[in-house]
Amino acid sequence: MMQIYRPLNFIGFVYREIRQGLTDIENMFELLDKDAEIKDKPDAKPLEVSGPVLKFNDVKFHYDPDREILKGVSFEVPAGKTIAVVGPSGAGKSTISRLIYRFYDAIEGSVEIDGQDVRDVTQKSLRASVGMVPQDTVLFNDTIAYNIRYGRPEATDEEVREAAKLAQISDFIDGLPQGFDTPVGERGLKLSGGEKQRVAIARTILKSPPILILDEATSALDTQTEREIQSALDHVSQNRTTLVIAHRLSTVINADEIIVLRAGEIAERGNHEALLALDGLYAQMWNRQREVDEAGEKLRLARETD
Ligand code: ATP
C-alpha cells in the first residue's frame with residue numbers, strides 16, 4: 001500500500017504546488033529534483049566560472065532509444081559572444097538548451113563550461129551561473145515586483161525598477177492601476193506572451209548570470225513587441241556568453257555565429273552574410289520568412305484601408 005501511496009503523494013504535492021501558482025522552469029526543477037533522475041555525483045564540485053566558454057563535444061542524445069535527436073553536435077560559444085541555433089521545427093534546438101541546464105544528460109559526448117563537464121558539477125552552482133529565458137514563462141500568483149525580484153531576492157526596489165526599464169516593460173507596468181504592486185498570474189492580471197517574456201528578461205537582468213540561454217517564444221508577436229523584446233535581449237546578452245535558440249531568423253542577424261541544425265545535425269554554420277552567400281538551407285529559410293512577413297504586411301495594409 002505504501003508503495004502506491006508514495007508516488008501518488010508526490011504527484012499530489014507537485015500538483016498542489018502548481019496550483020499554488022508555480023512559477024518558472026527553474027523552480028519547477030527544484031520541485032522535481034525531489035525525485036529527479038539527474039542527481040549530483042557524490043563528489044560533485046561547484047562550477048567555477050571565469051570566461052566562460054560553453055562547449056558541446058560530439059553530443060548525442062535521444063529521449064527514446066529508437067529515435068536519435070542529436071546525432072553528434074559540436075560547437076563552442078566563446079566567452080562573451082552570442083551564438084544562435086536555428087533550424088526547422090523538431091530539429092533539436094530546444095533540446096540543446098535542456099542539456100546545458102541538465103534537464104537531461106548527453107548520452108554520448110559532453111557539454112562543458114570552462115572545461116568542466118556539466119555532469120561533474122553541482123546542479124545548484126550550474127543553475128546559479130546559467131540564466132534561462134524560457135519560451136513560456138509561468139508567473140507566480142503574486143505582484144509583478146515579486147515576479148521580477150525572484151531573479152535576486154535581495155534586490156532593492158530601485159534595482160527592480162531599473163531591470164524592468166532595461167527589459168522594456170516599465171512603461172507597461174507604470175500604466176497599471178497598482179504599478180509594480182499589481183497582482184499577476186492565474187489569480188491576477190493575465191499578461192500577454194510578449195509581456196511575460198519581458199518579465200522573464202527583467203528577472204534574468206537582475207540575476208545577471210555569466211551564461212545566458214534564450215529560448216525564443218515560438219508564438220507570433222507583433223512587430224512592435226518583437227522589436228521591444230529584441231532590444232531587451234540585446235541589452236541582457238551584451239558581454240555575456242549567450243546561446244539563442246531562435247525560432248525567428250530576424251533575431252539572429254547580429255549573432256557572432258549561426259548554427260543551422262537539421263534533423264539533429266549541424267548542416268551549416270557561419271554569420272548571416274556567409275550563410276546567405278552559401279545559398280543553402282539558411283538562405284531558403286530566410287527567403288521563406290521574408291515572403292511570410294511581406295504577405296503579413298500586405299494583409300495588414302489591406303485591412304487598414306478597408
Ligand atoms: P521547435 O522549433 O518546433 O521548438 P526544436 O528544434 O526546438 O523544435 P526540440 O524541442 O529540441 O525541437 O525537439 C526535437 C525532437 O524531440 C522533436 O521531434 C520532439 O518531438 C522530440 N521531443 C522533445 N521533447 C521530448 C520529450 N520530452 N520526449 C520525447 N520526445 C521529445
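(A) Summary view of the overall build of the chain. On a plain count of helices and strands, the chain comes out with eleven helices and twelve strands. Looking at the chain as a whole, 46% of its 306 residues qualify as buried. If you sum the accessible surface of the chain, you get close to 16100 Å²; carbon and sulfur atoms cover 50% of it.

(B) Region of interest: the sheet that holds strand S4 (residues 108-113). Judged by pairing direction, the sheet is antiparallel, and its four strands sit side by side in the order S2-S1-S4-S5 without closing on themselves. What marks the edges here is a single partner per strand, and that holds for strand S2 (67-77) and strand S5 (116-117). Inspection of the sheet shows S4 paired to S5 by two bridges, in the antiparallel sense. Each bridged residue has a counterpart across the sheet, and for Glu112 the counterpart in S5 is Asp117. Running at roughly 110° to strand S1 (residues 54-64), helix H3 (residues 93-100) makes contact with S1, S2 and S4 of the sheet.

(C) Layout of the environment of Asn147. Structurally, Asn147 is set in helix H5 (residues 144-149). Residues Asn147 and Ala200, spaced 53 residues apart in sequence, show a C-alpha to C-alpha distance of 8.3 Å. Setting aside chain neighbours within four positions, we find Asn147 in contact with Leu139, Phe140, Asp142, Val184, Val199 and Arg203. A polar side-chain atom of Asn147 sits 2.9 Å from the main-chain amide nitrogen of Phe140.

Calculation criteria
- Residues numbered from 1 in each chain as written.
- Predicted model: local features only at pLDDT ≥ 70, side-chain atom pairs only at ≥ 80, totals over all residues.
- Heavy atoms only, no water.
- Helix = DSSP H or I, 4+ residues; strand = E, 2+ residues; numbered from the N terminus.
- Buried < 20%, exposed > 50% of the residue type's maximum accessible area, 1.4 Å probe, protein only.
- Areas by Shrake-Rupley, 256 points an atom, 1.4 Å probe, with all protein chains shown as cover.
- Pairing = 2+ DSSP bridges.
- Contact = heavy atoms within 4.5 Å.
- Axes fitted to C-alpha atoms, helices over the stretch in contact; angles between N-to-C directions.
- Polar contact = N/O pair within 3.5 Å; in protein donor to acceptor, adjacent residues only side chain to side chain.

Scope: geometric values only; no functional claims are made or implied.
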